[in-house]
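Residue strings, one per chain:
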Amino acid sequence: FRPLRWTFRFIYLSVLGSIAYIGYEIYQDHNPPPQVPQDPSKKTIVILGTGWGSVSLLKKLDTENYNVIVISPRNYFLFTPLLPSCTTGQIEHRSIMEPIRTICRSKKGAVTFYEAEASSVDVEKKVVKIHDNSDIRGATIETEVAYDMLVVGVGAENATFGIPGVRENSCFLKEIGDAQQIRKKIMDCVETAAFKDQPASEIDRLLHMVVVGGGPTGVEFAGELRDFFEDDIRKLVPEIADRFRVTLIEALPNVLPMFSKQLIEYTESTFKEEEIAIHTKTMVKKVTDKAVEAEVSKADGTKERVIFPYGLLVWATGNTLRPLVRDMMASIPAQKDSRRGLAVNEYLVVQGARDIWAVGDCAVAGYAPTAQVASQEGNFLARLFNNMARTQELEDRIQSLSSNLNLKPGVDVPAVSKEIEDAERQLRRVKDIKPFHYTHQGSLAYIGSEKAVADVAWFNGNFASGGTMTYFFWRSAYLSMVFSTRNRLLVINDWVKSKVFGRDISRE
Ligand code: FAD
Ligand code: NAI
């Protein structure tokens, strides 16, 4: 029994070690040490946005080397991969929000945060105009912030392609407010459908949930919605349960175009089992308050007009440029040929601009607009800026040692020369920073019924899998990616809570 006893001891010590580590992290978050104050002699880095790109940069940046100012209308980081789960209450919205003030306070050097929107950038004068667009405003609502280095990480907006009625009638799924609105509307549709003397045709319309866009946002939301109805609403409001329908409309011939053919087929067959109707080759042309009008491309080349009455419409057709990015592109001549965002070089420098870098969905570096890309870009910029500061430090040191060598009498020449040599060697190493290179770790998507699909990079190839095991992998992968221990614990708590007690269906 000796090996067994040692195994138990090992497990016991590992658990104890993990608890101690989590406890230490929580203590550190709650009681951060004093910070190095900002210093006017240092360069100012202004970071726009608190999304994946900007926060990844901030987390890895040695802020004691710069005066760092973060500007964003959102005073928190949002863990978007779990946003679809918030629409049904599987996860509570605060569990995936991390206050930016906590992140700023955890840094060694002080970081300034302004809750504001950057409205324009003067690339010649190197100033950003910002305005406070929150509900409560003070005497100053608009001002300017000067920068030595600027990082643009403002993400993107929801694309509507100018289709009439989309903005007025549909819900998007990009921000916390969108998920809250969807959650409220789902329950409103259910309660209205269950209203006394509601006509059958109206019940059918109200309980028809239409999702436009078969990318990962649309697919994940449709899956979450179906789970919500099967797990909770069917039990709690049985009188209307059989009338509930989910329809996914996609303009292309299939959903999830970024996944392998095998996983696309698996997703489509899973949706069939879940009774989620997929309408591919169907392009939405117009939206009214109660119906979606679409055009179906048929096999014989003809087109047919179809109407989908709906109770809830979720619009998930991808990204378009934010006005700030559009204005910047218009003011920088070298950006005139770029269409999808700020064109950057291999060091993420905005082409044609001085001391401006861009990361994430607002930058065009040749990669998909994903959190994975944005966070790797943010990490890269942190390394670049840390190296730039170290370079400056080493150059100053070499200069000061060299002047000692030549001017001061009684200097130990061999010792100082050796120090200079060491510093020069370090400088060469630090200066040798390679261009940004994205490493694709794979794509994951939840498809409902506790199933997920994964296309994961595996040595030099790809490993494709779908099903319940992949769902557990999906959960653990996302849990490990959540930035803070606090949020990780909150997410685990939400998963357990909704499994044990069911989702909370009260409408706020
Ligand atoms: P964002 O994260 O969008 O952040 C932009 C920031 O800029 C925000 O803080 C915003 O408030 C701020 N901002 C906006 N305008 C201004 C302004 N004028 N001035 C200052 N600040 C401004 N990707 C994956 O890789 N895996 C996934 O599983 C995944 N799931 C997703 C699920 C959903 C529902 C959605 C919507 C997206 C998902 N993505 C996923 C994509 C991913 O979220 C984005 O690619 C990523 O957020 C881009 O990061 P970003 O930093 O460029 O922008
Ligand atoms: P998307 O751009 O990936 O997909 C949008 C879909 O809408 C496209 O397939 C397009 O053909 C379709 N569409 C456009 N106009 C239409 C119309 N009028 N009628 C019908 N269909 C129309 O957008 P999505 O899903 O919002 O994703 C945005 C980015 O975020 C992507 O890069 C995606 O990879 C990433 N993301 C990744 C996730 C993951 O990895 N699990 C989850 C969510 C988003």
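The model shown is predicted, which means the values in this text are computed figures rather than measured ones.

1. Examining the site of ligand 1
Step number 1: Among the 29 residues in the neighbourhood of ligand 1, the closest are listed as T50, G53, T80, D361 and Y478.
Step number 2: Contact distances for ligand 1 include 2.9 Å between an oxygen atom and a side-chain N or O atom of T50.
Step number 3: V154 has a polar backbone atom sitting 3.4 Å from an oxygen atom of ligand 1.
Step number 4: Contact with the protein chains covers 89% of the free accessible surface of ligand 1, which is 1000 Å².
Step number 5: Elements supplying a minimum of two residues to the shell around ligand 1: α2 (52-60), β2 (67-72), β6 (117-122) and α11 (371-407).
Step number 6: Class assignment of the residues belonging to the shell around ligand 1 gives a composition of 12 nonpolar, 12 polar and 5 charged.
Step number 7: Three or more residues apiece are contributed to the shell around ligand 1 by two domains, here domain 2 (32-156 + 321-388) and domain 3 (166-319 + 439-501).

2. So, the environment of A179
Step number 1: Turning to its location among the elements, A179 is positioned in helix α6 (residues 176-193).
Step number 2: Put simply, A179 and A343 are 164 residues apart on the chain and 31 Å apart in space, counted from C-alpha to C-alpha.
Step number 3: When residues no more than four places from it in sequence are discounted, the contact partners of A179 are L83, C86, T87 and L173.

3. Some points on the site of ligand 2
Step number 1: Close to ligand 2 lie 24 residues, the nearest being T217, E250, V284, P369 and L444.
Step number 2: Taking T217, its side chain carries an N or O atom lying 3.0 Å from an oxygen atom of ligand 2.
Step number 3: With respect to ligand 2, the backbone of P369 contributes an N or O atom lying 3.1 Å from an oxygen atom.
Step number 4: Calculation on ligand 2 without its partners gives an accessible area of 850 Å², and the protein chains cover 79% of this total.
Step number 5: Contributions of two or more residues to the shell around ligand 2 are made by α8 (216-236) and β14 (282-287).
Step number 6: Looking at side-chain class alone, the shell around ligand 2 contains 14 nonpolar, 8 polar and 2 charged residues.

4. Points about the packing of α6 against α8
Step number 1: Relative to each other, α6 and α8 sit at 45°, their axes nearing to 13 Å. By the angle between their axes, α6 is oblique relative to α8. Between α6 and α8 lies a crossing whose hand is right-handed. Here α6 contributes I182, I186, M187 and V190 to the contact with α8, which in turn contributes F221, L225, F228, F229 and I233.

Rules of the game
- Residues numbered from 1 in each chain as written.
- Chains lettered and ligands numbered in written order.
- Predicted model: local features only at pLDDT ≥ 70, side-chain atom pairs only at ≥ 80, totals over all residues.
- Heavy atoms only, no water.
- Near = heavy atom within 4 Å.
- Polar contact = N/O pair within 3.5 Å; in protein donor to acceptor, adjacent residues only side chain to side chain.
- Areas by Shrake-Rupley, 256 points an atom, 1.4 Å probe, with all protein chains shown as cover.
- Helix = DSSP H or I, 4+ residues; strand = E, 2+ residues; numbered from the N terminus.
- Nonpolar A, V, L, I, M, F, W, Y, C, P; charged D, E, K, R; others polar.
- Domains from an automatic or database assignment.
- Contact = heavy atoms within 4.5 Å.
- Axes fitted to C-alpha atoms, helices over the stretch in contact; angles between N-to-C directions.
- Parallel < 35°, antiparallel > 145°, perpendicular 65-115°, else oblique.
- Left-handed = near helix turned anticlockwise from the far one by under 90°.

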